[in-house]
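Chain by chain, the residues:
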Amino acid sequence: MTRQAISATAHCLTGCAIGEILGMVIGTALGWHNAGTIALAVALAFVFGYSLTMWPVLKTGIGLSAALGVALAADTVSIGVMELVDNLFMVVIPGAMEAGVASWLFWAALAASLAVAFVITVPVNRFMIGRGKGHAVVHQYHH
């Protein structure tokens, strides 16, 4: 079950990282305040996280609304925890949000925030999978 939780968290991290990085880069490059940048990063993390789950599920032939339901059930808690942790981490690192995309501090803090979020989210996913929830609902669609 731990191996499944690690795999589910790595899958979640991929979508979250794409959205998070894109949101942080866009918000920081545009000079947005922390709240706007974080809101964009979180929104994009959910979009990419759900999309990465839906894509293979859609390939099985089920409809869009059913695939969305699977993605929502599989990833909402995982993405939520990951986003809470990594954004909180970014905010508490002095100067990370203000550093800008050309700064090593920005990228080091973002990489560290995603690593910390991964470590904290693995047990959450393990708990969910152990109860037949979370990413466990996607397994029936894997071939």
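About the thresholds
- Residues numbered from 1 in each chain as written.
- Predicted model: local features only at pLDDT ≥ 70, side-chain atom pairs only at ≥ 80, totals over all residues.
- Heavy atoms only, no water.
- Helix = DSSP H or I, 4+ residues; strand = E, 2+ residues; numbered from the N terminus.
- Rg over C-alpha atoms; globule rule 2.2 N^0.38 Å.
- Buried < 20%, exposed > 50% of the residue type's maximum accessible area, 1.4 Å probe, protein only.
- Contact = heavy atoms within 4.5 Å.
- Areas by Shrake-Rupley, 256 points an atom, 1.4 Å probe, with all protein chains shown as cover.
- pLDDT = per-residue confidence, 0-100.
- Expected span 1.5 Å × (residues − 1).
- Axes fitted to C-alpha atoms, helices over the stretch in contact; angles between N-to-C directions.
- Left-handed = near helix turned anticlockwise from the far one by under 90°.
- Nonpolar A, V, L, I, M, F, W, Y, C, P; charged D, E, K, R; others polar.
- Bend = angle between axes of the 7 residues up to and from the residue.
- Phe/Tyr/Trp six-rings, centres within 6.5 Å; stacked < 30°, edge-to-face > 60°.

Some points on the overall build of the protein chain
For step 1, the next point in the chain: Scanning the protein chain for helices and strands turns up 4 helices and 0 strands.
For step 2, the next point in the chain: Each helix and strand of the protein chain, placed in order from N terminus to C terminus, yields the pattern α-α-α-α.
For step 3, the next point in the chain: In terms of overall dimensions, the protein chain is globule-like: its C-alpha atoms have a radius of gyration of 16 Å, near the 15 Å expected for 143 residues.
For step 4, the next point in the chain: Taking the principal axes of the C-alpha coordinates as reference, the protein chain spans close to 45 × 30 × 20 Å.
For step 5, the next point in the chain: When burial is assessed residue by residue, the protein chain has 38% of its 143 residues classed as buried.
For step 6, the next point in the chain: Counting contacts in the protein chain only where the partners sit at least 6 residues apart, residues at least 24 apart contribute 70% of the total.
For step 7, the next point in the chain: Carbon and sulfur atoms make up 73% of the accessible area of the protein chain, which totals about 7,200 Å².

Notes on the confidence of the model for the protein chain
For step 1, the next point in the chain: Mean pLDDT over the protein chain: 89, with 97% of residues reaching 70 or higher.
For step 2, the next point in the chain: Element-level pLDDT for the protein chain is lowest in helix α1 (residues 2-29), with a mean of 89, against a maximum mean of 93 in helix α4 (residues 104-130).

Structural notes on the environment of Tyr-50
For step 1, the next point in the chain: Residue placement: Tyr-50 occurs in helix α2 (residues 34-58).
For step 2, the next point in the chain: Sequence separation of Tyr-50 and Leu-13 is 37 residues, and the distance between their C-alpha atoms is 11 Å.
For step 3, the next point in the chain: Every residue in contact with Tyr-50, bar those within four places of it in the chain, is listed here: Ala-71, Leu-72, Asp-75, Thr-76 and Ile-79.

Some details on α1
For step 1, the next point in the chain: The first and last C-alpha atoms of α1 sit 38 Å apart over 28 residues, in line with the 40 Å expected at 1.5 Å per residue.
For step 2, the next point in the chain: In the stretch just after α1, Gly-31 is the one whose phi turns positive, near 75°.

Focus: the packing of α1 against α4
For step 1, the next point in the chain: Close contact between α1 and α4 brings their axes to 8 Å; oriented N to C, the two are set at 145°. Note on packing geometry: the crossing formed by α1 with α4 is right-handed.
For step 2, the next point in the chain: Residue composition of the contact of α1 with α4, by class: 16 nonpolar, 6 polar and 2 charged.

As for the packing of α2 against helix α3 (residues 64-92)
For step 1, the next point in the chain: As a packed pair, α2 and α3 sit with axes 8 Å apart at the nearest point and diverge in direction by 145°. As α2 runs across α3, the sense of the crossing is right-handed.
For step 2, the next point in the chain: A per-class count over the contact of α2 with α3 returns 18 nonpolar, 5 polar and 2 charged.

Details of α3
For step 1, the next point in the chain: Across its 29 residues, α3 extends 39 Å between first and last C-alpha, which sits within 8% of the 42 Å expected from 1.5 Å per residue.
For step 2, the next point in the chain: Of all the bends in α3, the greatest, near 50°, is centred on Asp-75.

As for the packing of aromatic side chains
Remark: the centre distance and the inter-plane angle together describe each pair of aromatic rings, the angle taken between the planes.
For step 1, the next point in the chain: Under the definition given, this model contains 2 aromatic pairs.
For step 2, the next point in the chain: Seen in terms of ring centroids, Phe-46 and Tyr-50 are 5.7 Å apart; in terms of plane orientation they differ by 55°. Their pairing is tilted. Of this pair, Phe-46 and Tyr-50 are both found in helix α2, 4 residues apart, which corresponds to roughly one turn of the helix.
For step 3, the next point in the chain: Their ring planes at 90° and their centres at 5.0 Å tell us that Phe-106 and Trp-107 sit as a pair that is edge-to-face.

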